[in-house]
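What follows is the residue order along each chain.
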Amino acid sequence: MNATESSDATITGHLLDRLHSLGVSHLFGVAGDYNLRMLDEVLAHPGVQWVGTAGELGAAYAADGYARVRGFAALVTTHGVGELSAINGVAGSYAEHVPLLHIAVGPPRSKERDGAVAHHTLGDGDYEHFARAFRQVVCADAVVRPEDGPDEIDRVITTCLRESRPGYLRLPQDVALANAPSLSGALHRPDRHAADQYSLTAFVDAATRRIEAADTVSVLADCLVDRFDGRAALSDLLSAGSLPHAVVVSGKGVVDESAPHYVGLYAGACSDGAVRSAIDDADLLIRAGVRLADTTSGGFTHGYDPDRGISVDPTTASVDGVVFPNVGLPAALAALARLVEGRPTSAASTTTAPHLHRSSSGDNPLSQAYLWQAVGAAVRPDHTVIADQGTPLFGISPRRLPTGARFLAQPVWGSIGYSLPALLGAQLADRSRRGLLLIGDGAAQLTIQELGTLGRLRLTPVIVLVNNDGYTVERALHSPEAAYNDIAPWRWPDLPAALGVPEPLVLTARTEAELDHSLTTAAEVTDRLIFIEARTERDDTPLLLSRFAEIAKRQARKVQ
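Residues numbered from 1 in each chain as written. Predicted model: local features only at pLDDT ≥ 70, side-chain atom pairs only at ≥ 80, totals over all residues. Heavy atoms only, no water.

J.: Describe empty space enclosed by the protein, listing the residues and the values that go with them.
T.: Throughout the structure, instances matching the rule amount to 2 cavities of 30 Å³ or more. Each pocket or cavity is described by its volume, and for the largest cavity that value is around 120 Å³. Around the largest cavity, the lining comprises 14 residues; the ones closest to its centre are Val249, Thr295, Leu393, Phe394 and Leu544. For the lining of the largest cavity, the per-class residue count stands at 10 nonpolar, 4 polar and no charged. (1 Å grid on protein atoms, 1.4 Å probe; cavity = no way out; pocket = protein on both sides within 12 Å on 5 of 7 lines; lining within 4 Å. Points joined across faces, edges and corners; volume = space filled by probe spheres on them. Nonpolar A, V, L, I, M, F, W, Y, C, P; charged D, E, K, R; others polar.)

Right, dumping it as structure tokens:
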């Protein structure tokens, strides 16, 4: 009998059962005195495992990575000091449309009623400060009380699932262990395939006329396809019409990049010529879940008109700016697949050739160009690739992934250090896959402590740390010699063991040949965490970053 079926079910029991029913079997967070008794219930729950992280920010990032793989996640913090440490990570999940639940456990209701100056508060008797702050970065929130706790928990979780964004629960310490007053039925998940039939029919009619009038049709895809369960429908669309297609960096991984009509990464004026031509010059561009951002469109240098063409968004579709409401993304994509079925392949379908990598036998110094060629060639179908903001994201994103490989990044929120804890979450969400983390030295200094959590849990990812002496992206954008782009030079090979990773295999690559050897070794050794320090020159940048930096600098000069 689970907690929601028991007559003495607690609020915490109901919450844990709800999480478990959604596929959440790990709960991230940091213990604090307000949440300790709740955590006792977590430890006793048969389906949810506690994962204590080194810090609350790491817990939020880990939950984000977990949710991208499992579809939902949760973290627990203590009131005030704990939840504010996590709010940056939760805000990133909001910006990137990642559904998760943040549970903040605070002082008991008696202290709230008395306005007591309790620890971890601002000392003014107002216990709602932080709940108000979180309302800016979540889609739903609740202060849980015993009388309506299960219903409020269900409301917040359901909203998170519907909007694919985080939610927040403030749980007083005594409420967490209070008996749930009533039983709830099954949690109702949103039906992504639902559509208003009148609106869908009108959309199909308009899309039919637009498709029939177009000589060339191309598709651009983004992450909202994945967040709103449209991946299968998008695949059907692309194969039905043999359509040339591309992704923006935030949507990398939503299509099969080995498919014959995949043209590559689109980034506005930063794109390769063939990719830009296929997208910007198409008679009709179908945009699947695309959000234009400066970091994904080459500083808004896209060459297509966003008010023309067909756009499919989470709950609406549009044709040349005419909006058809209440049409879910999967339903719209499925309708388009039927419309383009059997369409002749046009000249615009010519794809760019995959990048090839030839191993080096010499001792040439390692460059960014060689680094990302080699790493891209080393990606396997069972890899989950996590790239941090900076040279790793700019370097790896133009590389084609093999069929089956996953890709995680945070280009819209762009908080450096995200990727290392996200690796922790992604690895726990699917242990059948091996994590491949790509992170710079500047980003790693923000969250490196979670390397110890990876080691404690005996996870065995491959970590490629790019040591290029500081904030190379910022140097490329402005003032390369400025002191604010410098960081402390850490002894990176010493850190895995110092942070508690058992028997790490640590390798250093200063040359092309050393990198090839390191990547080959990493593929062969799967029972240990592999840590590769890749040393490149601090002013060496990937081609995509060089293009982006030139555009950004020109735009900055115009606004001065």
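Next, the rest of the story.
J.: Tell me what's going on with the packing of helix H3 (residues 56-70) against helix H4 (residues 81-95), and back it up with residues and numbers.
T.: Contact geometry of H3 with H4 gives a least axis separation of 7 Å together with a crossing angle of 30°. The pairing of H3 with H4 is recorded here as roughly parallel in orientation. Considering only the axes of H3 and H4, their crossing is right-handed. Between H3 and H4, the residues in contact are Glu56, Leu57, Ala60, Tyr61 and Asp64 and Gly82, Ser85, Ala86, Asn88, Gly89, Val90, Gly92 and Ser93, respectively. Residues that form the contact of H3 with H4 fall into these classes: 5 nonpolar, 6 polar and 2 charged. (Axes fitted to C-alpha atoms, helices over the stretch in contact; angles between N-to-C directions. Helix = DSSP H or I, 4+ residues; strand = E, 2+ residues; numbered from the N terminus. Parallel < 35°, antiparallel > 145°, perpendicular 65-115°, else oblique. Left-handed = near helix turned anticlockwise from the far one by under 90°. Contact = heavy atoms within 4.5 Å.)

J.: Outline the pairing of strand S16 (residues 434-440), supporting the account with residue identities and numerical values.
T.: Burial within S16 is extensive, with 7 of its 7 residues counted as buried. Residues Arg434, Leu436, Leu438 and Gly440 line one face of S16 and the alternating positions Gly435, Leu437 and Ile439 line the opposite face, and both faces are buried. Pairing between strand S14 (residues 383-387) and S16: 5 bridges, direction parallel. Following the sheet pairing, His383 is matched in S16 by Arg434. Pairing between S16 and strand S17 (residues 462-467): 5 bridges, direction parallel. Following the sheet pairing, Leu436 is matched in S17 by Val462. (Buried < 20%, exposed > 50% of the residue type's maximum accessible area, 1.4 Å probe, protein only. Pairing = 2+ DSSP bridges.)

J.: Now, about the sheet that holds strand S12 (residues 316-319): what can you tell me, with residues and values included?
T.: Spatially, the 7 strands line up as an open sheet ordered S9-S8-S7-S10-S11-S12-S13, and their pairing is mixed. Among the strands making up the open sheet, the edge pair consists of strand S9 (262-265) and strand S13 (322-325). On average, each strand axis in the sheet is tilted by 15° relative to the strand beside it, whichever way the strands run. The strands touched by helix H9 (residues 197-212) are strand S10 (284-288), strand S11 (310-312), S12 and S13; relative to S12, the strand with the most contacts, the crossing angle is about 35°.

J.: Report on the packing of aromatic side chains, specifying residues and quantitative values.
T.: Summed over the entire model, instances satisfying the criterion amount to 7 aromatic pairs. Seen in terms of ring centroids, Phe28 and Tyr66 are 5.5 Å apart; in terms of plane orientation they differ by 75°. Their pairing is edge-to-face. With a gap of 38 residues between them, Phe28 in strand S1 (residues 26-29) and Tyr66 in helix H3 connect regions that are remote in the sequence. Classification of Phe28 as buried rests on a relative accessible area of 0%. With a centroid separation of 5.0 Å and 40° between ring planes, the pair formed by Trp490 and Trp492 is classed as tilted. We classify Trp490 as partly exposed; its relative accessible area is 31%. The cationic tip of Arg165 hangs over the ring face of Tyr94; the distance from NZ or CZ to the ring centre is 3.9 Å. (Phe/Tyr/Trp six-rings, centres within 6.5 Å; stacked < 30°, edge-to-face > 60°. Lys NZ or Arg CZ within 6 Å of the ring centre and 35° of its normal.)

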